[in-house]
Structure formats: structure tokens, C-alpha cells
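Results of the structural survey
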Amino acid sequence: MSEIKAEPADQATAKAVRAKRHVLMRLFGIKPSGWLRLILLCVLVGFVVMAAEFDPASPEVNAARAVQSFLSSAVQALGWAVTHFWKPALAGAGIVMPIWVLWRMVTLPFRS
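The following paragraphs examine the structure supplied in this document. Everything quoted here is computed from the prediction, not taken from an experiment.

Section: the overall build of the protein chain
- From N to C terminus, the protein chain includes 5 helices and 0 strands.
- Shown N-terminal to C-terminal, the secondary structure of the protein chain runs as helices and strands in the order α-α-α-α-α.
- Here the protein chain holds 112 residues, and the buried ones make up 4% of them.
- Counting every atom, the protein chain has about 10500 Å² of accessible surface; 72% of that belongs to carbon and sulfur.

Structural notes on a nonpolar patch on the surface
- A surface patch of nonpolar side chains, about 1000 Å² in accessible area, is lined by Val23, Leu24, Leu27, Phe28, Ile30, Trp35, Leu38, Leu41, Leu44, Val45 and Val49.
- With 6 residues, the single largest contributor to the nonpolar patch is helix α3 (residues 32-51).
- Looking at the element boundaries, Ile30 is found in the loop between α2 (23-28) and α3.

A look at α3
- When the terminal C-alpha atoms of α3 are compared, their 29 Å separation across 20 residues agrees well with the 28 Å that a helix rising 1.5 Å per residue should span.
- Looking one or two residues beyond α3, the residue adopting positive phi is Glu53, at roughly 50°.

Cut-off values and rules
- Residues numbered from 1 in each chain as written.
- Predicted model: local features only at pLDDT ≥ 70, side-chain atom pairs only at ≥ 80, totals over all residues.
- Heavy atoms only, no water.
- Helix = DSSP H or I, 4+ residues; strand = E, 2+ residues; numbered from the N terminus.
- Buried < 20%, exposed > 50% of the residue type's maximum accessible area, 1.4 Å probe, protein only.
- Areas by Shrake-Rupley, 256 points an atom, 1.4 Å probe, with all protein chains shown as cover.
- Patch = residues over 30% accessible without salt bridge, like charges linked within 9 Å, V, L, I, M, F, W, Y side chains within 5 Å.
- Salt bridge = Lys/Arg side-chain N within 4 Å of Asp/Glu carboxyl O.
- Expected span 1.5 Å × (residues − 1).

If you want it as C-alpha cells, here you go:
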């Protein structure tokens, strides 16, 4: 004979609550941090689209030219980052790294 396993009451209740969620809540019910990441992703993609000067309403839409423009902008941005980015990165590291090392040392006994 097979055994029937009973679920604890709180697990059964949790499953019942999950099963009753409306489809819109399942689709759009994300945490505020999820919304923040979504907004930041939209802004990032918007910068890329604007940097490529892509206008989908224009009758002269040329996907190949848009990709070429984007790649050209990306290479120019990479060139700027290589020549200028090390200064603010080094200045920030001078502040962040000692604090980070200190924090790691203080929290070491609490980590497993």
C-alpha cells in the first residue's frame, strides 16, 4: 500500500495563496528593487538608442547604418574610458578600498 503524506498546514496555506494570485499580479507583481532594475535597464537602452541616433519614425531607417553608428560610438566611448577612466577609478578606489577592507575584517567572525 502506498502512504499518503500530509502537508503541514502552513505549507498547504501558502500553496493555496499562491494558486489564487490573479494573472496581473503574477505578471507585474515584482519587488521595488525589480522595478528599479527595470527602470535602470530602460534608461541604459534609451542611451544606446539615442547614441545610435535611431529614429524608427524616419522613412530613411537603415538598420545597418544604425548598427555602424552604434559601434562607432561604442569604440569612441571605449577609447575615452581607456584614456580618462583610470583617474576617477583610482580616486574612488583610494576611498572605497580601505573602507571595504575594514568592513571585511570587521565582519570576518560573522561569515561562515
